[in-house]
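Each chain, written out:
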Amino acid sequence: RRFASVTLDSYVNRTVEVLRRARFNILPPGDALDRLGREQSIGVGAVPVFIDYPHGSNLRHHMVWGPILNWTEFSVTFTLEGKEAQGYAQFWPRLEGYLRSMVRSGEADRLSAGVAAVQHRFRWTEEGVVRNALELLALRKLAAVAR
């Protein structure tokens with residue numbers, strides 16, 4: 001019954017509040033190429049952590065703006081092992097250990113700085129998404145000319 005009083009605005013505000021306190025945001029694969037959680041993570045400064053399936057799976061993440069943005073500078077890809085991907089083993093202990101080791105080593109700080117450096121590229125502005133689209137078009141044109 002408590003959920004009946006939750007409005008969309010209160011849900012969104014609570015989600016943003018939680019993400020702003022988070023160091024990482026864990027993103028499982030979805031049912032589409034695009035994931036809103038990816039942009040939400042970057043928008044609030046959390047490092048996106050992509051849960052990925054082994055090579056060859058059709059459930060792998062698509063990294064938007066991949067040809068122009070180096071995702072390894074501001075995100076983590078955690079690939080499930082065979083038994084984890086099949087549901088026969090839990091991946092959470094391994095993921096938690098991996099992320100904690102990133103914090104201890106300072107890698108999480110580097111990734112957080114990377115998120116801050118690319119946040120503007122995910123805004124719907126001339127310096128953000130419009131610039132990304134123009135750079136992708138330029139890369140396509142260069143590739144076509146090179147053929």
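An account of the accompanying structure is given in this report. Small disclaimer: the values here were computed from a predicted structure and weren't measured.

### Observations regarding the overall build of the chain
Step number 1: Helix and strand counts for the chain come out as 6 helices and 3 strands.
Step number 2: Ordering the α and β elements of the chain from the N terminus gives α-β-α-β-β-α-α-α-α.
Step number 3: Buried residues in the chain amount to 29% of all 147 residues.
Step number 4: In the chain, the proportion of contacts linking residues at least 24 apart, taken out of those at least 6 apart, comes to 62%.
Step number 5: Looking at the chain as shown, the accessible area adds up to about 10000 Å², and 56% of this sits on carbon and sulfur atoms.

### Considering unusual backbone geometry
A negative phi angle characterises most non-glycine residues, just as the trans form characterises most peptide bonds.
Step number 1: The backbone phi angle of tryptophan 65 is positive, close to 60°, even though this residue is not glycine.
Step number 2: Examined against the element boundaries, tryptophan 65 turns out to sit in the loop between strand S2 (47–52) and strand S3 (76–79).

### Regarding the side chain of serine 75
Step number 1: Take serine 75: it is sitting in the loop between S2 and S3.
Step number 2: Among the residues examined, serine 75 registers a relative accessible area of 8% and is labelled buried.
Step number 3: Residues in contact with serine 75, not counting those within four places in the same chain, are Val47, Pro48, Phe50 and Leu111.

### Examining the nonpolar core
Step number 1: If you look at the biggest cluster of nonpolar residues, it comprises 26 residues, and the most contacted ones within it are Trp71, Phe74 and Phe122.
Step number 2: Secondary-structure elements contributing two or more residues to this core are strand S1 (24–27), S2, S3, helix H4 (92–105) and helix H5 (107–118).
Step number 3: In this structure, phenylalanine 122 is in contact with Glu39, Ile42, Val64, Trp65, Leu69, Trp71, Phe74 and Val129, ignoring residues within four places of it in sequence.

### Examining the sheet that holds S3
Step number 1: A sheet is described by the order of its strands in space; here 3 strands give the open sequence S1-S2-S3, paired in parallel fashion. A strand with exactly one partner marks an edge of an open sheet, and here the two such strands are S1 and S3. Taken over all neighbouring pairs, the strand axes of this sheet differ in orientation by 25° on average, direction set aside.
Step number 2: Two elements, S1 and S2, share 4 bridges in a ladder whose sense is parallel. Along S2, the bridge assignment pairs phenylalanine 24 with valine 47.
Step number 3: Where H5 meets the sheet, its contacts fall on S1, S2 and S3, and the angle it forms with S2 comes to roughly 110°.

### Some words on the pattern of salt bridges
Step number 1: Taken as a whole and judged by the stated rule, the model has 11 salt bridges.
Step number 2: Measuring nitrogen to oxygen at the nearest pair gives 3.8 Å for the salt bridge that ties glutamate 81 to arginine 94. Remark: arginine 94 occurs in helix H4 and glutamate 81 occurs in the loop between S3 and helix H3 (82–85); sequence separation between them is 13 residues.
Step number 3: On the accessibility criterion, glutamate 81 (45% relative accessible area) is partly exposed.
Step number 4: Arginine 94 is the partner of glutamate 84 in a salt bridge, and the nearest nitrogen-oxygen pair spans 2.7 Å. Placement of the pair is glutamate 84 in helix H3 and arginine 94 in helix H4, with a sequence separation of 10 residues.
Step number 5: Using a relative accessible area of 9% as the deciding quantity, one classes glutamate 84 as buried.

Basis of the calculations
- Residues numbered from 1 in each chain as written.
- Predicted model: local features only at pLDDT ≥ 70, side-chain atom pairs only at ≥ 80, totals over all residues.
- Heavy atoms only, no water.
- Helix = DSSP H or I, 4+ residues; strand = E, 2+ residues; numbered from the N terminus.
- Buried < 20%, exposed > 50% of the residue type's maximum accessible area, 1.4 Å probe, protein only.
- Contact = heavy atoms within 4.5 Å.
- Areas by Shrake-Rupley, 256 points an atom, 1.4 Å probe, with all protein chains shown as cover.
- Core = buried A, V, L, I, M, F, W, Y, C linked by side-chain atoms within 4.5 Å.
- Pairing = 2+ DSSP bridges.
- Axes fitted to C-alpha atoms, helices over the stretch in contact; angles between N-to-C directions.
- Salt bridge = Lys/Arg side-chain N within 4 Å of Asp/Glu carboxyl O.

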